[in-house]
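This is what each chain is made of:
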Amino acid sequence: MTSTAVATSTNTPVGTGLRLDGLHFDYGDVPVLRGVSLEAGSGELVGVLGPNGCGKTTLFKLIIGSLKPASGRIDVNGTDLSGLGPGSRARRVAAVPQDPVAPVGFTVADLVMMGRNPHLGLLEFEGEQDRAIVIKAMQSTDIIDLAHRPVSNLSGGERQRVFVAMALVQRAPVLLLDEPTSNLDLAAQATVMALVQRLCRERGDSVLVAMHDLTLAAQWCDRLVLMDEGKVRTQGTPDEVLTEANVAAVYGADVVIARHPQTGAPVVLPRGVEKRPSGPCVFGTRSDER
Amino acid sequence: MAVRLAAGAAVVVAIAVLAAGVGAVAIPLDSTVAIALDRLPGVSMDGDWPDSWETILWKLRFPRIVMAGLVGGVLALSGAAYQGLFRNPLADPYLVGVASGAGLGAAVVFLTGSSLFAVGGGLLPIAAFAGAIAAVSIAYLVARRSDGLPLTTLILAGVAVSALAGAVTSLLMIRSDPSLRPLLSWLLGGFSGSRWNHAWLILPYVVPGAVVLLAYGRVLNVMQLGDDHARAAGVNVERTKIVLLGIASLLTAAAVAFSGVIGFVGLVAPHVVRRIWGADHRFLLPMSALVGAGFLILADLGARTLASPAELPVGIITAFAGAPFFLFLLTRKAR
């Protein structure tokens, strides 16, 4: 396997992966997160769901250190992240933000190599080892043939795989993906999610994926966390979380839960077509998700 | 990469040597090289050149060429750093107020203290430097937030500070009468007064500053992903912004203090490099410095020869050569 070598040489200690404990955050007077606690164990793929404004992106910004929590703890394998500088934090948590920028003038290989930044000193150039890590990451994300193409000329699905590869070479035990499938077509969505699931299994990373598409999340994630108004409403297996009552309570959407004919995973469908319920983010009205 | 940079450096040296021979008194290439090498410690060249050639080269042309090369290199390096930092290809080293601050500082010296000015050329660069640093500092302090430095706010603050300093400069110029002309020619920039001690005065800024900027090449690459993504990839975003802004502004202020406000070098040189060789800042920064140095040495050659015996402000030459080129780049972008 191409990525077993990647997995064995990481310095990941045996531990519990990512653990968030009682995170609070406010933008001025507006409370955004009100006591969020969740865990993502090693090798576990956890989907974070919730309507726009529920605090998903803020939560990710707290974990990567763009924002500081008012209170609460973020642990990776038992280490509190709050005392760490940007470099050592990035060696523990890698992230692909929502709609990442593809800078003009860089090739795919250049961009993936940027993920080695937290492992290099200010005046240090990347060496053979870094190049080998980058090549392996491009192989396991199936972008090796694109290595010399400009990043700005890729399709959405290819670009997303490039950013995943860049996050992989950080060799962090925790990987965050903020809506990695938004703006992707049906095939590219499945490719990216299958890739993320495989990497999560093979490398034993803790992966947190923010998603809007409940059905897609249910197909791929081990566990789901449903957030609402800055709190975790419920978490558990897709079957436990995606109930008609939960979706109605959080999204204000009237849905029926069906079963995937092959996997049995829950499939969320709007009930009937006669009427559109109102609400801040009604499931199924965002045209870019389908 | 190292080979290209070495080739670029060789081209700059060749331009400098060739430019030294051109002027009211033409000096052949072999004599120029011999006169240059003769002064090196442990080197003695034979040759029979008139003493006047030696004086012309060592007292006038060499310091001028060295200053033009240093200032061109510094402006282009700072321009490349600004463009990378602001993620905006239209940024130039004067974006956040260095030029107008220096102009105001110079205007105060020219127009209020002609007696002070007479004390020595020393006061003008100090005032220009102080004005430049003051303008950038004000823009920075206005834009700064408790949780970081929003770059858009910084640009807007810089524009406002520039407008204010420019207005005060205009007011001073209108209220005073004939002493306006030297200020105008200073604002357009030039190297006619360049001396060796100017080079010695700016080198303590240029050398360490350039080393720091060059060291940030890889980090600037990662910064192109945006603040959040760069932070996720381990960049200390806020410290990077402050270091790059501070050093690039300091370097630009040091250059402007002795040469005046020379436009288009800092804007165009990084563009040329990016078009030809790509956007990797580890290469873009040093190569921009070389292109800027070569370009400004040539522009200064034009400034002292095109209208000889009169002297043209070098800023006019760089604008004449740089502005049409930049317009050409813009038409290509529009497609």
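Residue numbers restart at each chain and count upward from 1, following the sequence in its written direction. Working convention: letters from A go to chains and numbers from 1 go to ligands, in the order in which they are written. Only residues with pLDDT of 70 or above have their local features reported here, since the model is predicted, and side-chain atom pairs are shown and tallied only from 80 upward, although totals for entire chains, interfaces and linings are computed over all residues.

Draft legend 1. Seen up close, the overall build of chain B. A tally of regular secondary structure across chain B gives 15 helices and zero strands. Only C-alpha atoms enter the radius of gyration; for comparison, a globular chain is expected to reach 2.2 Å times N to the power 0.38, where N is the number of residues. For 335 residues, the compact-globule estimate of 2.2 N^0.38 gives 20 Å, and the C-alpha radius of gyration of chain B, at 20 Å, lies within 12% of that figure. Overall, chain B is about 65 × 55 × 40 Å in size when its C-alpha atoms are taken along their principal axes. Three exposure classes are used. Buried residues have 20 or more other C-beta atoms within 10 Å of their own C-beta, exposed residues have 12 or fewer, and partly exposed residues fall in between, all C-beta atoms being placed from the backbone. Every one of the 335 residues in chain B was classed for burial, and the buried ones make up 50%. Residue pairs in contact within chain B that sit at least 24 positions apart in sequence constitute 75% of those at least 6 positions apart. By definition, any uninterrupted DSSP run of H or I lasting at least four residues is a helix, any uninterrupted run of E lasting at least two residues is a strand, and each is numbered from the N terminus. Two residues qualify as a contact pair if the distance between their C-beta atoms, derived from the backbone, is within 7 Å.

Draft legend 2. Focus on the pairing of strand E1 (residues 18-27) of chain A. All names here are of chain A. Two strands pair under a simple rule: DSSP has to find at least two bridges between them. Looking at chain direction, E1 and strand E2 (residues 30-40) are connected through eight bridges and run antiparallel. Looking at E2, one finds that Asp26 is bridged to Pro31. Across five bridges, the pairing between E1 and strand E4 (residues 71-76) is antiparallel. Bridge assignment links Asp21 to a residue of E4, and that residue is Arg73.

Draft legend 3. Up close: the sheet that holds strand E8 (residues 206-210) of chain A. Residue and element names in this part refer to chain A. The strand order across the open sheet built from six strands is E6-E7-E8-E3-E9-E10, with neighbouring strands paired in mixed fashion. Of all the strands in the sheet, just strand E6 (93-96) and strand E10 (231-236) have a single pairing partner and so form its edges. Each strand axis lies, on average, 20 degrees off the axis of its neighbour in the sheet, ignoring direction. To get an axis, fit a line to the C-alpha atoms, keeping to the stretch in contact for a helix; angles then go from 0 to 180 degrees between the N-to-C directions. Of the strands in this sheet, strand E3 (45-49), E6, strand E7 (174-178), E8 and strand E9 (223-228) are in contact with helix H2 (residues 56-64), which crosses E7 at around 150 degrees.

Draft legend 4. Expanded view of the confidence of the model for chain B. Residues and elements named next belong to chain B. pLDDT gives the predictor's per-residue confidence on a scale running from 0 to 100. Chain-level pLDDT for chain B is 87 on average; 94% of the residues reach the 70-or-more range. Here residues 115-120 is modelled with pLDDT under 50, and outside its nearest four sequence neighbours on either side it reaches six contacts, counting other chains as well. Listed scores for the predicted complex are pTM 0.86 and ipTM 0.84.

Draft legend 5. Geometry of unusual backbone geometry. Residue and element names in this part refer to chain A. Phi angles above zero are rare outside glycine, and Asn77 is one such case at about 50 degrees. Mapped onto the secondary structure, Asn77 falls in the loop between E4 and strand E5 (79-80). Of note in the backbone geometry, Asp99 takes a positive phi value of approximately 45 degrees without being a glycine. By the secondary structure assignment, Asp99 is in the loop between E6 and helix H4 (108-114).

Draft legend 6. The arrangement of the environment of Thr169(B) in detail. Residue and element names in this part refer to chain B. Along the polypeptide, Thr169 turns up in helix H7 (residues 151-175). In this structure, the C-alpha to C-alpha distance between Thr169 and Leu111, residues 58 residues apart in sequence, is 9.8 Å. Setting aside residues no more than four positions away along its own chain, Thr169 makes contact with Gly103, Leu104 and Ala107.

Draft legend 7. Region of the structure containing the packing of helix H6 (residues 156-168) of chain A against helix H7 (residues 186-203) of chain A. Residues and elements named next belong to chain A. Two numbers describe how H6 lies on H7: the axes approach to 9 Å, and their chain directions differ by 15 degrees. Compared by their axis directions, H6 and H7 come out roughly parallel. Every pair of crossing elements has a handedness; the one defined by H6 and H7 is right-handed. Counted together, Gly156, Gly157, Gln160, Arg161, Val164 and Leu168 of H6 and Ala188, Thr191, Val192, Leu195, Val196 and Leu199 of H7 form the full contact between these two elements. When residues are sorted by character, Ala, Val, Leu, Ile, Met, Phe, Trp, Tyr, Cys and Pro go into the nonpolar class, Asp, Glu, Lys and Arg into the charged class, and all the rest, Gly among them, into the polar class. Of the residues in the contact of H6 with H7, the class split is seven nonpolar, four polar and one charged. What sets the label is the angle itself: under 35 degrees gives roughly parallel, over 145 gives roughly antiparallel, 65 to 115 gives roughly perpendicular, and the rest give oblique. For any pair of crossing helices, the crossing counts as left-handed if the nearer helix is rotated counterclockwise from the farther one by less than a right angle, and right-handed if it is rotated clockwise.

Draft legend 8. Broad picture of the pairing of E3(A). Residues and elements named next belong to chain A. Of all the five residues making up E3, five are buried; the element is thus mostly covered by neighbouring parts of the structure. Burial along E3 is two-sided: the face carrying Leu45, Gly47 and Leu49 and the face carrying Val46 and Val48 are both buried. Looking at chain direction, E3 and E8 are connected through four bridges and run parallel. By the bridge assignment for E8, Gly47 is matched with Val209. When E3 meets E9, the two strands line up parallel, connected through four bridges. Note that in E9 the partner of Val48 across the bridge is Val225.

Draft legend 9. Inspection of the interface of chain A and chain B at higher detail. Contacts between the two partners involve 26 residues from chain A and, on the opposite side, 19 residues from chain B. Those elements that place two or more of their residues in the side of chain A that touches chain B are H2, helix H3 (86-90), E6 and H4 of chain A. With three residues, the single largest contributor to the side of chain A that touches chain B is H3(A). Across the side of chain A that touches chain B, the residue classes tally to 16 nonpolar, eight polar and two charged.

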